Amino acid sequence: MPYVFDKSVGQLPCDLEVCFAWWLVSDRTKALFEKLDPEAFVFVPCDVRMTRGHYDGPKFWLCDVVRVLDALDESQSRLRIGIRDDIRFLDHGQKYYEFLIFGGKLVFREQAIGNAHIFPMACQNSAVICDQEFKDACKVAGLKRIWFRDVLKI
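Below or above, wherever it landed, is the structure these notes cover. (Residues numbered from 1 in each chain as written. Predicted model: local features only at pLDDT ≥ 70, side-chain atom pairs only at ≥ 80, totals over all residues. Heavy atoms only, no water.)

1. Section: the packing of aromatic side chains
No. 1: Tallied over the entire structure, the rule returns six aromatic pairs.
No. 2: Each ring, one from phenylalanine 33 and one from phenylalanine 41, has its centre 4.8 Å from the other, and the planes form 15°; the classification is stacked.
No. 3: Phenylalanine 41 gets classed as buried once you look at its relative accessible area, which sits at 7%.
No. 4: Where phenylalanine 41 meets phenylalanine 134, the ring centres are 6.4 Å apart and the plane angle is 25°; that geometry is what we call stacked. One end of the pair, phenylalanine 41, is in strand β4 (residues 41–45); the other, phenylalanine 134, is in helix α3 (residues 132–140), with 93 residues separating them in the sequence. By the burial criterion, phenylalanine 41 is buried, and phenylalanine 134 matches it.
No. 5: Among the aromatic residues, those joined into a cluster by ring pairs are Trp23, Phe33, Phe41, Phe43 and Phe134. (Phe/Tyr/Trp six-rings, centres within 6.5 Å; stacked < 30°, edge-to-face > 60°. Buried < 20%, exposed > 50% of the residue type's maximum accessible area, 1.4 Å probe, protein only. Helix = DSSP H or I, 4+ residues; strand = E, 2+ residues; numbered from the N terminus.)

Laid out in structure tokens, this is it:
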């Protein structure tokens, strides 16, 4: 999949850019993610092109977090839980989570997480959850454009 870069309109992508349901990540982000939790991710190389000239910079990758865990302790969490009844959604007929704007909180079962450092939630896989070790490693590596929210303060 080509990612076209035009120098006249800005800079190269940061270390992590949201690209629909996937992430566009830099080579150094990929290396860190693979080191932290190699079973959590799948990467596809991107062909980076410039409108003029030849690109000879760092590689970029499409990244997907593929390990989905059903680890939420629903009884300890504060959120709405429902069954999707709208046929326009792919998860029609299935359970889904809706995070409360104020006063929400997510609590996870440690035994269900095991050694995982990062995972999408089973009933809300657009929500990617990571542990403090993963967050700290990204900060120490100086990765740009990776944001974190505290699940105890949604």
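2. Examining the pairing of strand β2 (residues 16–19)
No. 1: Pairing analysis gives four bridges linking β2 to strand β3 (residues 22–26), with the strands arranged antiparallel. The partner of glutamate 17 across the bridge, within β3, is leucine 24.
No. 2: Hairpin connection from β2 to β3: two residues lie between these consecutive antiparallel strands, with phenylalanine 20 at a positive phi of about 60°. (Pairing = 2+ DSSP bridges.)

3. Concerning the nonpolar core
No. 1: With 18 residues, the main nonpolar core has Trp23, Val25, Phe33 and Phe41 as its most contacted residues.
No. 2: Leaving out residues up to four positions away in the same chain, tryptophan 23 has contacts with Leu16, Glu17, Val18, Phe33, Phe41, Trp61, Leu62, Cys63, Val65, Ile118 and Val128.
No. 3: Within the second largest apolar cluster, 14 residues are counted, among which are Leu69, Leu72, Phe119 and Met121. (Core = buried A, V, L, I, M, F, W, Y, C linked by side-chain atoms within 4.5 Å. Contact = heavy atoms within 4.5 Å.)

4. What about the state of the cysteines?
No. 1: Taken as a whole and judged by the stated rule, the model has zero disulfides.
No. 2: You can see cysteine 46 has no disulfide; the closest cysteine sulfur is in cysteine 19, sitting 7.4 Å from it.
No. 3: What makes cysteine 46 buried here is its relative accessible area of 14%.
No. 4: Left unpaired, cysteine 123 is separated from the closest cysteine sulfur, that of cysteine 130, by 20 Å. (Disulfide = S-S within 2.5 Å.)

5. Details of the sheet that holds β3
No. 1: Spatial strand order, β2-β3-β6-β4: four strands in an open sheet with antiparallel pairing. Edge positions in the sheet fall to β2 and β4, since each of these pairs with one other strand and no more. Averaged over all neighbouring strand pairs, the angle between strand axes comes to 30°, with direction disregarded.
No. 2: Each of β2, β3, β4 and β6 (60–65) touches helix α1 (residues 27–36); the most contacted strand, β3, lies at about 105° to it. (Axes fitted to C-alpha atoms, helices over the stretch in contact; angles between N-to-C directions.)

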